[in-house]
Amino acid sequence: MIEVKNLTKRFGPHTAVDNISFVVNDGEIVGFLGPNGAGKTTTMNMMTGFISSTEGSVRINGFDILEEPVKAKKQLGYLPDIPPLYGDMTVEEYLWFVCDLKRVKKSERDFMIKDIVNTTQLNDVFKRLIKNLSKGYRQRVGLAQALVGDPDVLILDEPTSGLDPKQIIEMRDLIKRLGKKHTVILSSHILGEVSEICDRILIINRGKIVASDTTEELMNMAGNSVQLVTIKGDPYTAAEKLRAWSAISSVTIENDNGDGTFDLKVYGNEGSDIREIIFASMAEERISILMLRPVTSGLEEVFLKVINGSFDNAEAEKEHVELAVAFAEGGAEEDKEANE
């Protein structure tokens, strides 16, 4: 279990992380999501004891990372955004070196390294120099070092950064398997990645937690305020009837299906459940409803809504519209957190 309480980090006048608190329970895979410079890497560096916090505390399985650093760090494995590799070592030499650093018993090292190599699929490159490996294999070696010592908690910072699509899929599958045995927290600014891997998502922006929930619940943030309805009847009469309600902001005719049926999209005011209004209105006009379903927000749209909700100026809104568009296009460019 990871317990973060009132965690704050200041660099001079700049507050990188601003009084955040959250808990990651045993066996959870939690995604730490946010735009570049949001504070993700700074938070992870404090969680692992790499840097100290200005205020607040981090406890790993009950051990405070600053007051009991040795005990706390035995509980976790850390993959930074740039894996701490030595290019002139072979994979085998490097993993033995990490075993020395983590004080793994010599009687356990052979079995542990074989198990980790099998888990991370490094068998084919086990005797090769790390500097000669592809980016994907170097990421696997970085993950392998995090697994040395069999920690309960894994903290992974941008684990798929710079990988090609095939390698990303393989890394995601590997993290999912690791989540069956370890508590995992990973950071990313790629929305699809966290939705594929994680049980729960924390969204951070400008050093603050601005949302925390399951992927499903975040996707349902729009509630029932937008409905797609298929009717059999005059769409103009239906639209005019619906627009008369104060709870409905607009109605658009989406499709003429060619068989006397039409698709309408009905927009309610924020947070409104407009289903009863639709049913009652169509019943009055003797128009049949063939289908009614909510139009849920995509994760990109939810992310944009949450991020913009934490700003008060138009320039910030423009910035994050551009960011959300980049995410919607697949997140092909995996930039580093320049301001961390």
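No experiment lies behind these values; they were computed from the predicted model shown. (Residues numbered from 1 in each chain as written. Predicted model: local features only at pLDDT ≥ 70, side-chain atom pairs only at ≥ 80, totals over all residues. Heavy atoms only, no water.)

Draft legend 1. Up close: the packing of aromatic side chains. Enumeration according to the criterion identifies three aromatic pairs in this entry. Consider the rings of Phe 22 and Phe 32, whose centres lie 5.7 Å apart with planes at 45°: the pair is tilted. Taken together, the residues span a long stretch of sequence, with Phe 22 in strand β2 (residues 14-24) and Phe 32 in strand β3 (residues 29-33) at a distance of ten residues. Here Phe 22 and Phe 32 have matching classes, each one buried. With a centroid separation of 5.6 Å and 85° between ring planes, the pair formed by Tyr 86 and Phe 97 is classed as edge-to-face. With Tyr 86 in the loop between β6 (76-79) and α3 (91-101) and Phe 97 in helix α3, the pair connects residues that are eleven residues apart, well separated along the chain. What makes Tyr 86 partly exposed here is its relative accessible area of 46%. The structure contains a cluster of three or more aromatic residues connected by ring pairs, namely Tyr 86, Tyr 94 and Phe 97. (Phe/Tyr/Trp six-rings, centres within 6.5 Å; stacked < 30°, edge-to-face > 60°. Helix = DSSP H or I, 4+ residues; strand = E, 2+ residues; numbered from the N terminus. Buried < 20%, exposed > 50% of the residue type's maximum accessible area, 1.4 Å probe, protein only.)

Draft legend 2. Molecular detail of the packing of helix α5 (residues 135-147) against helix α6 (residues 165-178). Contact geometry for α5 and α6: axes closest at 11 Å, N-to-C directions at 15°. Classed by the angle they form, the pair α5 and α6 counts as roughly parallel. When the axes of α5 and α6 are compared, the crossing they make is right-handed. Every residue of α6 that contacts α5 at Gly 136, Gln 139, Arg 140, Leu 143 and Leu 147 is listed here: Gln 167, Glu 170, Met 171, Leu 174 and Leu 178. Residue composition of the contact of α5 with α6, by class: five nonpolar, three polar and two charged. (Axes fitted to C-alpha atoms, helices over the stretch in contact; angles between N-to-C directions. Parallel < 35°, antiparallel > 145°, perpendicular 65-115°, else oblique. Left-handed = near helix turned anticlockwise from the far one by under 90°. Contact = heavy atoms within 4.5 Å. Nonpolar A, V, L, I, M, F, W, Y, C, P; charged D, E, K, R; others polar.)

Draft legend 3. How the structure looks around the sheet that holds strand β14 (residues 288-294). Pairing in this open sheet of four strands is antiparallel, and the strands run β12-β13-β11-β14 from one edge to the other. Sheet topology places β12 (248-256) and β14 at the edges, where each strand pairs with a single neighbour. Put simply, the sheet's adjacent strands are angled 20° from each other on average, direction ignored. Sheet topology note: the strand β11 (residues 226-232)/β14 ladder contains six bridges and is antiparallel. When the sheet's bridge partners are listed, Val 229 is paired in β14 with Leu 292. In the packing of helix α10 (residues 275-284) onto the sheet, contacts are made with β11, β12, β13 (261-268) and β14, and the angle to β14 comes to roughly 170°. (Pairing = 2+ DSSP bridges.)

Draft legend 4. The arrangement of the pattern of salt bridges in detail. Taken as a whole, this structure holds 13 salt bridges when the rule is applied. For Glu 284, the salt bridge identified is with Lys 241, shortest N-O distance 2.6 Å. Of this pair, Glu 284 sits in helix α10 while Lys 241 sits in helix α9 (residues 235-243), and the two are 43 residues apart along the sequence. Judged by relative accessible area, which is 24%, Lys 241 ranks as partly exposed. For Arg 275, the salt bridge is made with Asp 273, and the minimal N-O distance between the two is 2.7 Å. In the salt-bridge network here, residues are joined through shared partners; they are Arg 140, Lys 166 and Glu 170. (Salt bridge = Lys/Arg side-chain N within 4 Å of Asp/Glu carboxyl O.)

Draft legend 5. Looking closely at the side chain of Arg 172. Looking at where Arg 172 falls in the secondary structure, it is placed in helix α6. Aside from chain neighbours lying at most four places away, what touches Arg 172 is Gly 192, Glu 193, Glu 196 and Ile 197.

Draft legend 6. Representation of unusual backbone geometry in the model. One non-glycine residue, Arg 103, lies in positive phi territory at about 60°. In this model, Arg 286 sits at a positive phi of 55°, which is unusual for a non-glycine residue. Mapped onto the secondary structure, Arg 286 falls in the loop between α10 and β14.

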